[in-house]
Amino acid sequence: MPIKILTTRPEAMAERLVLPLQAAGYQVNNVPLLAIEPLTLQAQQKQWLMDLDLFQRVVVISPSAADVLLETLEDFWPQWPVGVNWYTVGQGTKLRLAQAGIEAVCPEQGDKSEDLLLHPELQQLAGEKVLLAKGLGGRDLLYDSLTARGAKVSVLPLYERVKPKLNPQQVEQLLAGSHQVLVVTSGESLLQYLAFMQMKFKNRQTLEEQLNRCWLLVPSYRIEKQARQMGFNTIVNTKGAGADAILVAIKALQ
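The residue count restarts for each chain, going from 1 along the sequence in the order it is written. It should be noted that, the model being predicted, local features are given only for residues of pLDDT at least 70 and side-chain atom pairs only at 80 or more, the latter also being counted only at that level, while totals for whole chains, interfaces and linings use all residues. Side-chain numbers here rest on the full set of heavy atoms in the structure, without hydrogens or water.

Whenever a helix is involved, its axis is fitted only over the stretch in contact; in every case the axis is a line through C-alpha atoms, and angles between N-to-C directions fall within 0 to 180 degrees. Secondary structure elements are taken from DSSP: a helix is a run of H or I of four residues or more, a strand is a run of E of two residues or more, and numbering for both begins at the N terminus. Axis separation between helix H3 (residues 63–73) and helix H4 (residues 91–99) bottoms out at 8 Å; the angle between their running directions is 20°. Taken together, the axis directions place H3 and H4 in an arrangement best described as roughly parallel. Note that H3 runs across H4; the crossing there is right-handed. Of H4, the residues touching H3 (which contributes Pro63, Ala66, Asp67 and Leu70) are Gly92, Thr93, Arg96 and Leu97. Gly falls in the polar group here, along with every residue not listed as nonpolar (Ala, Val, Leu, Ile, Met, Phe, Trp, Tyr, Cys, Pro) or charged (Asp, Glu, Lys, Arg). Residue composition of the contact of H3 with H4, by class: 4 nonpolar, 2 polar and 2 charged. When an angle is under 35 degrees it counts as roughly parallel; over 145 it counts as roughly antiparallel; between 65 and 115 it counts as roughly perpendicular; any other value is oblique. A clockwise turn of the near helix away from the far one marks a right-handed crossing, whereas an anticlockwise turn of less than a right angle marks a left-handed crossing. Any two residues having at least one pair of non-hydrogen atoms within 4.5 Å are treated as being in contact.

Here it is as structure tokens:
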């Protein structure tokens, strides 16, 4: 019997994880525990995009940020400006940009902000203008680090993560408990999962048993710590949110 895996990515991002897992022979369902909602840009933010050629570097944090950014830039740039250097944290974001004709630098190892910050081109940034395209909220690590290295960083939040509207079948898949592995790649998704479980399992002991009846895969120490505080114990830190890192962890569990 193939291992049953439940992933929890937003719908637009699910295929990049689900398809590689299915290709490796696993039975995979995705129930999105987050939805991506674009934000309305303020006048200053629109001006940044109109003046994109004045930025030496653009850092795009996620595939969702890339999607919203590319769609918005269509209104301002029929051709991409020359002289702008592009950077991404993960391969999925790099692929999104490549499909639009933008070549971006991405860490060769790892898919976290820390990995991107090791890149030689981002060490000395005195006086350079950097645009940081991201989702609302999240860590300040990139902003703080790039600023400390001398860059003038403009933060452009392009979307927010909101609770999705799940249909009854999706809720059943989430709560049925037929999967051996649960993949959660963000702290917000973990909170949503816990909320659904708390609605079904009111007794604290029963809830803890259900939280630990399968392996929980998370991409970082930060989310692992958050999960332990919530009552999860059977946790694997995959040290990355990409399909490759998750596949390695699942094979190790087998």
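Take the pattern of salt bridges next. A side chain of one charge can pair with a side chain of the opposite charge if their charged atoms are brought near each other. What counts as a salt bridge is simple: a side-chain nitrogen of Lys or Arg found within 4 Å of a carboxyl oxygen of Asp or Glu. This structure, assessed with the given rule, holds 8 salt bridges. Of the charged contacts, one joins Glu121 and Arg57 as a salt bridge, the two residues approaching to 4.0 Å between their closest N and O atoms. One end of the pair, Glu121, is in the loop between helix H5 (113–116) and strand E7 (129–135); the other, Arg57, is in strand E4 (residues 57–60), with 64 residues separating them in the sequence. A simple rule labels every residue: compare its accessible area, found with a 1.4 Å probe on the protein chains alone, to the largest value its type can have, and call it buried under 20%, exposed over 50%, or partly exposed in between. Arg57 sits in the buried class, given a relative accessible area of 11%. Close ionic contact of Glu208 with Arg204 constitutes a salt bridge, the shortest N to O distance being 3.0 Å. In this pair, Glu208 and Arg204 are both assigned in helix H9 (residues 204–211), 4 residues apart and thus about one turn of the helix distant. On the accessibility criterion, Glu208 (35% relative accessible area) is partly exposed. Look at Arg204 and you get partly exposed, because its relative accessible area is 44%.

Looking at the element boundaries, Ser64 is found in helix H3. The residues contacting Ser64, other than those within four sequence positions of it, are Met13, Ile36 and Tyr159.

This part covers the environment of Gly135. Mapped onto the elements, Gly135 comes out in strand E7. Beyond its immediate sequence surroundings of up to four residues, Gly135 is in contact with Pro157 and Tyr159.

On to the sheet that holds strand E1 (residues 4–7). Following DSSP output, two strands are said to pair if at least two bridges run between them. One open sheet accounts for 5 strands, arranged E2-E1-E9-E10-E11; its pairing is parallel. One side of each edge strand has no neighbouring strand; the edge strands of this open sheet are strand E2 (27–30) and strand E11 (235–237). With strand direction ignored, the average angle separating the axes of adjacent strands in the sheet is 25°. Sheet topology note: the strand E9 (residues 181–183)/strand E10 (residues 215–218) ladder contains 3 bridges and is parallel. Following the sheet pairing, Leu182 is matched in E10 by Leu216.

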